[in-house]
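Residue strings, one per chain:
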Amino acid sequence: GKVLVDAGPGVQVSHGICGGCGQSLKEDARFERGVWMGAVEQDIALAATTDLPLLITGGSHDERLRVARRVHGRSGWRPQRFLFSSCDGLPPADLARLLDLSSTVPASTLFLEDVDRLESAAQTLLSDSFERRAVEGAGPGATDPQPADPRVIVGTREELVGMVRENTFETRLFYRLNALHIDLRTRRA
């Protein structure tokens, strides 16, 4: 899987799993002026107030990436790194390294594109990572597990609900990833 980093100056990334450098944010200005961007802006503002996982469905790859970058940029807790990886053909070992990398200081937003193409073993690894972090984040007297760190945003063209029904996508991972949902298909003007 190709990993892009768009995080600003001073960010160090292991090039063993990073396939390139980030795209220019100049493209976002054009995206912001899009007819339907106003409808998505409220969803972005809401998603930026939390570090819960976010599922972005519909739209093109570029639209999902731009929405993820906008959520990252508007986050109140301002994670310093934005990491991107395509899940298409991403081996579990590379996903594990990416999760480790994104869990280190400084805080990160991890955007996993085409999560519907994540192989079964990698789905289990990601789901286990969420569960382990939720348990580790729960302190004495905590009533609910804390959200996973790093902030995870996933994008997909496919309907994950249908994949869950067909047993091609792990149910517990779907429920972890679907904490917040922006469906770009319903936001067209």
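As a reminder, the structure under discussion sits directly above these lines.
Residues numbered from 1 in each chain as written. Predicted model: local features only at pLDDT ≥ 70, side-chain atom pairs only at ≥ 80, totals over all residues. Heavy atoms only, no water.

Summarise unusual backbone geometry; cite the residues concerned and give the values.
Notably, D114 is not glycine yet its phi reads approximately 55°, a positive angle. D114 gets classed as buried once you look at its relative accessible area, which sits at 9%. (Buried < 20%, exposed > 50% of the residue type's maximum accessible area, 1.4 Å probe, protein only.)

Before we move on, can you summarise helix α3 (residues 61-74) with the specific residues and values?
Taking 1.5 Å as the rise per residue, α3 with 14 residues should run 20 Å; its terminal C-alpha atoms sit 20 Å apart, in good agreement. Taking burial as the measure, the 14 residues of α3 include ten buried ones, the bulk of the element. Of all the residues in α3, the buried ones are E63, R64, L65, R66, V67, A68, R69, R70, V71 and H72. (Helix = DSSP H or I, 4+ residues; strand = E, 2+ residues; numbered from the N terminus. Expected span 1.5 Å × (residues − 1).)

Please give an account of the packing of aromatic side chains that cites residues and values.
In this structure the tally under the stated criterion is three aromatic pairs. A centroid spacing of 5.7 Å and a plane angle of 35° characterise the contact between F84 and F111, whose relative ring orientation is tilted. Within this pair, whereas F84 is found in strand β3 (residues 81-86), its partner F111 is found in strand β4 (residues 108-113), the two being separated by 27 residues in sequence. Exposure remark for F111: the relative accessible area of 0% places this residue in the buried category. Between F174 and Y175, the ring centres sit 5.2 Å apart and the planes meet at 70°, which makes this aromatic pair edge-to-face. (Phe/Tyr/Trp six-rings, centres within 6.5 Å; stacked < 30°, edge-to-face > 60°.)

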